[in-house]
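This is what each chain is made of:
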Amino acid sequence: MIMQSSPSTAEDIIYPESDGQPMADNTKQFELIVLIKKNLDLLFAHEPNVFVAGDLFWYPVQGDNSIRRAPDVMVVFGRPKGDRGSYLQWQEENIIPQVVFEILSPGNTHREIIAKYKFYQRYGVEEYYLYDPETGELTGWLRENNELREIGEIIAWVSPRLGIRLEVNNGELQIFRPDGQKFLTYLELDQIREQERQRYEQEYQRAEQAETQLQALRALLKSKGINPEEI
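Quick summary incoming for the structure in this document.

How each quantity is defined
Residues numbered from 1 in each chain as written. Predicted model: local features only at pLDDT ≥ 70, side-chain atom pairs only at ≥ 80, totals over all residues. Heavy atoms only, no water. Helix = DSSP H or I, 4+ residues; strand = E, 2+ residues; numbered from the N terminus. Buried < 20%, exposed > 50% of the residue type's maximum accessible area, 1.4 Å probe, protein only. Lys, Arg positive; Asp, Glu negative; His and termini not counted. Salt bridge = Lys/Arg side-chain N within 4 Å of Asp/Glu carboxyl O. Pairing = 2+ DSSP bridges. Axes fitted to C-alpha atoms, helices over the stretch in contact; angles between N-to-C directions.

### Section: the side chain of Asp 72
Turning to its location among the elements, Asp 72 is positioned in the loop between β2 (58-59) and β3 (73-77). Here Asp 72 is buried and forms no salt bridge, its nearest opposite-charge partner Lys 116 lying at an N-O distance of 5.3 Å.

### Quick notes on the sheet that holds β3
Strand order in the open sheet formed by six strands is β1-β3-β5-β6-β7-β8, with mixed pairing between adjacent strands. Unpaired on one side and paired on the other, β1 (50-54) and β8 (147-150) mark the two borders of the sheet. On average, adjacent strands in this sheet sit at an angle of 15° to one another, irrespective of strand direction. Alignment of β3 against strand β5 (residues 99-103), held across three bridges, turns out to be antiparallel. Pairing of Met 74 across the sheet is with Val 100, part of β5.

### A short note on the pattern of salt bridges
Taken as a whole, this structure holds nine salt bridges when the rule is applied. Residue Lys 37 pairs with Asp 41 through a salt bridge whose shortest N-O separation is 2.7 Å. Pair noted here: Lys 37 and Asp 41 are both in helix α1 (residues 27-43), with a separation of four residues, about one helical turn. Its relative accessible area of 18% is what places Lys 37 among the buried residues. Judged by relative accessible area, Asp 41 falls into the partly exposed class, the value being 24%. Among the salt bridges present, the one from Glu 92 reaches Arg 84, with a minimum N-O distance of 2.7 Å. Overall, the relative accessible area of 7% leaves Glu 92 in the buried class. A cluster of three or more residues bridged by salt bridges with shared partners is formed by Arg 79, Arg 84, Glu 92 and Glu 93.

### With respect to the sheet that holds strand β9 (residues 157-158)
In spatial order, the strands read β9-β10-β11; together these three strands make up an open sheet with antiparallel pairing. Lying at the two open borders of the sheet, with one neighbouring strand each, are β9 and β11 (172-176). Bridge analysis of strand β10 (residues 165-169) against β11 gives five bridges, and the strand direction is antiparallel. Residue pairing across strands places Glu 167 opposite Gln 174, the latter belonging to β11.

### With respect to the pairing of β8
A regular strand places its side chains so that they alternate between the two faces of the sheet. Relative to β8, strand β7 (residues 137-144) is paired through four bridges, and the arrangement is antiparallel. Bridge pairing in β8 places Leu 142 opposite Arg 149. Linking two consecutive strands that pair antiparallel, namely β7 and β8, is a turn of two residues; a positive phi of about 55° is found at Asn 145 within it.

In structure tokens form, the structure reads like this:
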């Protein structure tokens, strides 16, 4: 007797959360990915329905686990924050990631770059930004009439969705918040915190010194028979 296996259903399909590849090929690429991701976390920290992810698989089509991409950074408006093993679009109210960032590494081929663009074009990304740390070249695309069109003047470009400004100075990518503050590394943020701590301590010491001097003056006045409260 020959037993026939039943066809797999959508529920049977496994959507891998990793392809075994590293998030970045070198330190420069890694630092840029972390810089963008963490600063976007800070920018939208008080927005519960803005989800920011780095190197997370995005599956746009239920039932086909071969259709996937893991953008270096992606931003999804309309979905809650929280941990995910992957972004299964049909479980996320079918909301498409609106903004994606890719940081090139020397290992990226021209074919891979084209494949990424085609994927983001086909599955509805609104804004796509591509930066090459080796050449300092920044390229961006904005969706118009259901097509990702290259942004002609990308320098000092302000993202319609994020409100951030993108610049390249001396070949280095710089990103600025809507309030004009620059995206900072963890080290830079720590240095600012340390400066603020030192300034607080200095102000506290000055206040203590002023209070000590005031008490000494009151004691002196009292020793001379003068009531400080009556002056």
